[in-house]
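Okay, here's what each chain looks like letter by letter:
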Amino acid sequence: HSPFVRALLDAKHGIFAEGVSLQTAIANVSNALPQAQAPISMKLEALPQGFCIRPGSAGMGKRKQEVDVELWALLQERKLDDYAGHIAKRGGVTSLEELKEFEEKRVEKLELPLLQSQRFSKMLQHVKQQEKKKKGSAKKKQKNDPSSAAEAFRRQLDDLEAQGDVRAIVEGMRAYNDAGVQWKGCSALSNLAGINADNRKAIAVAG
């Protein structure tokens, strides 16, 4: 029967009403009570402007448009989707790629509430760790991929030919059973052999 509780929990104007900001809900409670019974509320400066306990579907759609799909999904997973617009505006983070480049020392400048700031920091650390693992895995795969190594050597053959490095060319041809390497290596040796007898002798010695 309490007027205060009825106003606080009002389905359309209370603190749990969909799309009603906390500041507006508290103001609605104050307006619904006699002046002598006006509630004393805590300061809400730490909360983003327009913070809602239950954001309306229209507000959610608007926030979703401010960031890309990948980042939106991640923010939802980390329970930070209500702060998507705030993060985009304060931190300039509107995509997953921008999040990867975001520096951890800048988290405080987002001025998020403590709990959300901690969640954002953990999310950022996780994203950076995943990106580091991904790059390390790609680098390792490239290193262990014979075709990638063969392609790298094939690109070096022009320089080796210019240097007259017969032994390096022959050793590379032995190491990489790759059609491109074999063809370009033979072409390089043929060109060197046509220059002088010393090159032909070096080719023979190299086997």
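All values derive from a computational prediction rather than experimental measurement. (Residues numbered from 1 in each chain as written. Predicted model: local features only at pLDDT ≥ 70, side-chain atom pairs only at ≥ 80, totals over all residues. Heavy atoms only, no water.)

Caption draft 1: Just the environment of V67, in detail. Positionally, V67 belongs in the loop between α3 (57–66) and α4 (69–77). By relative accessible area, which is 7% here, V67 ends up buried. With 21 residues separating them along the chain, V67 and A88 place their C-alpha atoms 7.0 Å apart. Leave out the neighbours within four places in its chain, and V67 touches W72, A84, A88, V93 and T94. (Helix = DSSP H or I, 4+ residues; strand = E, 2+ residues; numbered from the N terminus. Buried < 20%, exposed > 50% of the residue type's maximum accessible area, 1.4 Å probe, protein only. Contact = heavy atoms within 4.5 Å.)

Caption draft 2: Representation of the confidence of the model for the protein in the model. Model confidence for the protein is summarised by a mean pLDDT of 80, while 80% of its residues fall at 70 or above. Summarising per-element confidence for the protein, the mean pLDDT is lowest in α3 (52) and highest in helix α6 (residues 96–101) (92). Of the regions scoring below 50 in pLDDT, residues 57–62 engages in 5 contacts with residues more than four places distant in sequence or in other chains. (pLDDT = per-residue confidence, 0-100.)

Caption draft 3: View of the pattern of salt bridges. Under the counting rule described, the total for this entry stands at 7 salt bridges. Across the salt bridge formed by R154 and E151, the nearest N and O atoms sit 2.8 Å from each other. In this pair, R154 and E151 are both assigned in helix α8 (residues 146–163), 3 residues apart and thus about one turn of the helix distant. With relative accessibility at 26%, the residue R154 sits in the partly exposed group. Among the residues examined, E151 registers a relative accessible area of 29% and is labelled partly exposed. In this structure, the salt-bridge partner of R155 is E151, at a minimum N-O distance of 3.3 Å. (Salt bridge = Lys/Arg side-chain N within 4 Å of Asp/Glu carboxyl O.)

Caption draft 4: Examining the packing of helix α9 (residues 166–175) against helix α10 (residues 179–193) more closely. Interaxial distance between α9 and α10 falls to 10 Å at its minimum, and their mutual angle equals 155 degrees. When the interaxial angle is binned, α9 and α10 end up roughly antiparallel. Between α9 and α10 the crossing geometry is left-handed. For the pair α9 and α10, the contacting residues are V166, I169, V170, G172 and M173 in the first and V181, Q182, G185, C186, A188, L189 and L192 in the second. (Axes fitted to C-alpha atoms, helices over the stretch in contact; angles between N-to-C directions. Parallel < 35°, antiparallel > 145°, perpendicular 65-115°, else oblique. Left-handed = near helix turned anticlockwise from the far one by under 90°.)

Caption draft 5: Structural view of α4. All buried positions along α4 are accounted for by L71, W72, L74 and L75. Buried positions in α4, seen along its axis, are confined to an arc of 165 degrees and lie on one side of it. What points out from α4, more than 90 degrees from its buried face, is the exposed set V69, E70 and E77. Just downstream of α4 lies K79, where phi reads positive at about 60 degrees. (Arc of directions from axis to C-beta.)

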